[in-house]
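# Descriptive structure summary
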Amino acid sequence: MGQTVSISVTAESVIKSLDQTEIPKNHPKINNINPQDIPPECPMHQKNPAPKKEEKVVVSECPIQGGATDVNPLNMMPPANQQPSPGQPFPLPTERVTSSIPRAVPSPEGKTHWEYPSQQMFWNAMLRKGWKWQKEDLSPKDMDDIIKIHNANNEQAWQEVLKWEALHARECGNPKLKSFGGKAKDFSPRAKIRNWMGYELPFDRHDWIVDRCGKDVRYVIDYYDGGMVDEKYKFALLDVRPAMDSFDNVWDRMKVCYMRWRFEYLEGFLSKQTDKSN
């Protein structure tokens with residue numbers, strides 16, 4: 001979790017930093033140094049050197065794809081930025097809402113559930129993705145609505161994941177979200193096939209790694225535009241399913257496909273029988 005900063009120091013750089021009066025008489029020439037020839041008096045041969053402290057940064061924010069080297073591998077995000085951006089037209093709240101989604105690994109602060117980004121974090125994330133705001137684009141009320149829509153979509157996605165996980169309730173009754181990442185332009189094979197058939201492409205895609213009591217299970221989530229936002233801030237149509245990267249996942253999808261077909265067949269059969277009786 002987080003970024004680990006380590007510093008590697010060559011033998012030559014250490015020796016050059018020493019005072020010349022402290023170099024032992026039998027020390028090899030610095031210009032042609034061989035690390036194996038370093039005398040035991042040198043710091044490189046200290047048996048118990050002081051360990052370097054590691055800096056670890058763990059945040060949770062809206063997942064995006066990026067090439068930064070300091071991203072958190074659990075959510076593919078750089079460190080949280082709660083500072084107003086240059087030229088920001090109005091102040092934004094920095095409070096964060098705790099989700100209902102349990103974390104597989106508690107945060108450094110001991111929090112057991114994932115947190116959603118604040119409005120300020122979301123604004124900064126959009127700027128990082130290349131969005132340029134205009135005065136007529138957004139108002140403070142718009143940002144509040146965007147955050148609520150974002151949170152509602154993720155809550156809805158987790159509930160869909162739990163429906164699949166119910167197939168393994170005896171095996172694990174407490175699945176948790178381990179990590180996630182956004183792949184908005186990396187369309188899934190299923191989304192591409194649907195598009196070839198004339199359906200629209202999803203506007204976003206997430207891959208979630210769920211910890212099923214010690215077993216990692218990857219889920220693919222395609223987000224489709226569902227039209228108007230309802231009173232619960234839901235508007236996206238979600239296609240949530242286990243990735244076809246393991247036998248168990250493929251078997252789960254086959255079982256659910258059969259159950260859906262059976263339900264639709266029985267429903268149609270009963271409907272026909274009712275019409276005949278009338």
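Before reading on, note that the structure itself is shown above.
Reference entry: report on the structure contained in this document. (Residues numbered from 1 in each chain as written. Predicted model: local features only at pLDDT ≥ 70, side-chain atom pairs only at ≥ 80, totals over all residues. Heavy atoms only, no water.)

Its place among the elements puts Lys 232 in the loop between strand E5 (215-225) and strand E6 (236-242). In sequence terms Lys 232 and Ala 152 are 80 residues apart; their C-alpha atoms lie 7.5 Å from each other. (Helix = DSSP H or I, 4+ residues; strand = E, 2+ residues; numbered from the N terminus.)

Using the criterion set out here, one finds 17 salt bridges in the structure. Residue Asp 239 pairs with Arg 241 through a salt bridge whose shortest N-O separation is 3.5 Å. Across the pair, Arg 241 and Asp 239 agree in class, each one buried. Among the charged side chains, a network of salt bridges with common partners joins Lys 183, Asp 186, Arg 205, Asp 207, Arg 218 and Asp 245. (Salt bridge = Lys/Arg side-chain N within 4 Å of Asp/Glu carboxyl O. Buried < 20%, exposed > 50% of the residue type's maximum accessible area, 1.4 Å probe, protein only.)

Moving on: helix H2 (residues 119-128). With respect to burial, H2 is a largely interior element, 8 of its 10 residues being buried. Buried within H2 we find Gln 119, Gln 120, Met 121, Phe 122, Trp 123, Asn 124, Ala 125 and Met 126. Packing partners of the buried residues in H2 comprise helix H3 (140-165). Residue Gly 130 follows H2 closely and has a positive phi angle near 100 degrees. (Contact = heavy atoms within 4.5 Å.)

The topology assignment puts Gly 182 in strand E3 (residues 176-182). Spatially, the C-alpha atom of Gly 182 lies 7.6 Å from that of Asp 204, the residues being 22 residues apart in sequence.

A positive phi angle, near 50 degrees, is found at Cys 213, a position not held by glycine. Mapped onto the secondary structure, Cys 213 falls in the loop between strand E4 (204-212) and E5.

Moving on, we come to the sheet that holds E6. Taken together, the 4 strands give an open sheet; going across it, the order is E3-E4-E5-E6, and neighbouring strands pair in antiparallel fashion. Strands at the two margins of the open sheet, each flanked by one partner only, are E3 and E6. When strand polarity is set aside, the average angle formed by the axes of neighbouring strands in this sheet is 25 degrees. Contacts from H3 reach E3, E4, E5 and E6 within the one sheet, and its direction differs from that of E6 by about 35 degrees. (Pairing = 2+ DSSP bridges. Axes fitted to C-alpha atoms, helices over the stretch in contact; angles between N-to-C directions.)

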